[in-house]
Each structure stands twice: as structure tokens, then as C-alpha cells.
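# Summary of structural features
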Amino acid sequence: MAGYTDTKQDHLQRLRRIEGQTRGLQRMVENDKYCIDILTQVSAATSALQSFALSLLEEHLAHCVAEATMKGGPEAEAKVKEASDAIARLVRS
């Protein structure tokens, strides 16, 4: 079971809003909107994606990583490394 199972519908709703923001960006370009206005919307969409990613990461840590660390052993080490790598990717983006 995925760590986000209980909040799956909330995540899907957030992703649909982000998808709408992206479509809005396409319309802005198609309609030759002002560059700064488009960049403002890009910033908003980027922020929404980052917020979604952090929420998903928090759930992963609370569920998957916590469960693995309770069991201990190589699986726990692998889950912690996996989470650490994911955090590093988020920080770089």
C-alpha cells in the first residue's frame, strides 16, 4: 500500500489544479500575453508542484520509511537512502 493512499483524492485534485495552471500557460502563450505575466504563472505552477512534492515526501517518510526503519536491516537503510536521494533531487530542482 502506498503511503499516500489515505490522501490520494486530495493529491489528484491538487494535480488537476496544476494541470489547469499548465493549460493556462499554454493559452497565455497562444494569446501572446505579456512575458512577465507568463513568468508569474510559471512561478505559481512551479511552487504548486514543489508543494505537492513536499507533501508526498512527508507522507513517504511517515509511512514507508518509518515502517522500514521499525523493521530495521538492509531494507531500512535502502529506504533512508532512497528518501535522501529524493530530497537531494528536490533541492537541486
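- The name given to the protein chain in an unreviewed UniProt entry is DNA-binding FrmR family transcriptional regulator, with the source organism recorded as Nonomuraea polychroma.
- Heading Subcellular location (unreviewed entry) of the UniProt record for the protein chain holds this comment: "Cytoplasm".
- Quoted verbatim from the Sequence similarities (unreviewed entry) field of the UniProt record, the comment on the protein chain reads "Belongs to the CsoR family."

## Focus: the overall build of the protein chain
- For the protein chain, the count of helices and strands is 3 helices and 0 strands.
- Secondary structure elements of the protein chain, listed N to C terminal, follow the sequence α-α-α.
- For the protein chain, whose C-alpha radius of gyration is 17 Å, the value lies well above the compact-globule estimate of 12 Å for 93 residues.
- A principal-axis box enclosing the C-alpha atoms of the protein chain has dimensions of 55 × 30 × 15 Å.
- With 93 residues in all, the protein chain has 20% of them scored as buried.

## Points about a nonpolar patch on the surface
- Residues Leu12, Leu15 and Leu49 make up a contiguous nonpolar surface patch of roughly 220 Å² in combined accessible area.
- Mapped onto the secondary structure, leucine 12 falls in helix 1 (residues 8-30).

## Quick look at the packing of helix 1 against helix 2 (residues 35-71)
- Their axes nearest at 10 Å, the elements helix 1 and helix 2 cross at an angle of 160 degrees. Between helix 1 and helix 2, the crossing angle belongs to the class labelled roughly antiparallel. For the pair helix 1 and helix 2, the crossing hand works out as left-handed.

## Looking at the packing of helix 2 against helix 3 (residues 73-92)
- Between helix 2 and helix 3, the least distance of the axes is 8 Å, while the angle of their chain directions is 165 degrees. Overall, the two elements helix 2 and helix 3 adopt an arrangement that is roughly antiparallel. With respect to the hand of their crossing, helix 2 and helix 3 are arranged in left-handed fashion. Of the residues in helix 3, those touching helix 2 at Ala53, Leu57, His60, Leu61, Cys64, Val65, Ala68, Thr69 and Lys71 are Gly73, Glu75, Ala76, Lys79, Val80, Glu82, Ala83, Ile87 and Leu90.

## Quick look at the side chain of histidine 11
- With respect to the helices and strands, histidine 11 occurs in helix 1.
- Assessed through its relative accessible area of 6%, histidine 11 is described here as buried.
- Contact partners of histidine 11, with chain neighbours within four places excluded, come to Tyr4, Phe52, Ser55, Leu56 and Glu59.

## A word on the pattern of salt bridges
- According to the stated counting rule, one finds 4 salt bridges in the structure shown.
- In this structure, glutamate 67 engages lysine 71 in a salt bridge whose closest nitrogen and oxygen atoms are separated by 3.9 Å. Of this pair, glutamate 67 and lysine 71 both sit in helix 2, 4 residues apart, which is roughly one turn of that helix.
- Note on glutamate 67: relative accessible area 36%, which makes it partly exposed.
- Aspartate 85 is paired through a salt bridge with lysine 81; the nearest N and O atoms lie 2.9 Å apart. Here lysine 81 and aspartate 85 lie together in helix 3, a separation of 4 residues that amounts to about one turn.
- A residue is classified by how much of its surface remains accessible, and aspartate 85, at 30% relative accessible area, is partly exposed.

Rules used in this analysis
- Counting restarts for each chain: residues are numbered from 1 in the order of the written sequence.
- Selection of residues for local features in this predicted model requires a pLDDT of at least 70, selection of side-chain atom pairs for listing and counting requires 80 or more, and totals for whole chains, interfaces and linings are taken over all residues.
- Note that water and hydrogens are dropped before the side-chain values are worked out from all heavy atoms of the structure.
- UniProt positions are given in the numbering used here, feature names are shortened, and annotations may be inferred rather than shown by experiment.
- Secondary structure elements are defined from DSSP: runs of H or I of at least 4 residues count as helices, runs of E of at least 2 residues count as strands, and each element is numbered from the N terminus.
- To get the radius of gyration, use the C-alpha atoms; to get the globule rule, take the number of residues to the power 0.38 and multiply by 2.2 Å.
- Only protein chains enter the accessibility calculation, which uses a 1.4 Å probe; a residue whose area is less than 20% of its type maximum is buried, one above 50% is exposed, and one in between is partly exposed.
- Residues qualify for a patch when their relative accessible area is over 30% and they have no salt bridge, like charges being joined within 9 Å and the nonpolar side chains of Val, Leu, Ile, Met, Phe, Trp and Tyr within 5 Å.
- In this description, accessible areas are obtained by the Shrake-Rupley approach with a 1.4 Å probe, and a residue is regarded as covered only by the protein chains that are shown.
- A side-chain nitrogen of Lys or Arg and a carboxyl oxygen of Asp or Glu constitute a salt bridge if their distance falls within 4 Å.
- Lines fitted to C-alpha atoms define the axes here, with helix axes fitted over just the stretch in contact, and angles between the N-to-C directions of these axes take values from 0 to 180 degrees.
- Roughly parallel covers angles under 35 degrees, roughly antiparallel covers those over 145, roughly perpendicular covers 65 to 115, and oblique covers all other angles.
- The hand of a helix crossing depends on one turn: near helix anticlockwise from the far one by less than a right angle means left-handed, and clockwise means right-handed.
- Any two residues having at least one pair of non-hydrogen atoms within 4.5 Å are treated as being in contact.

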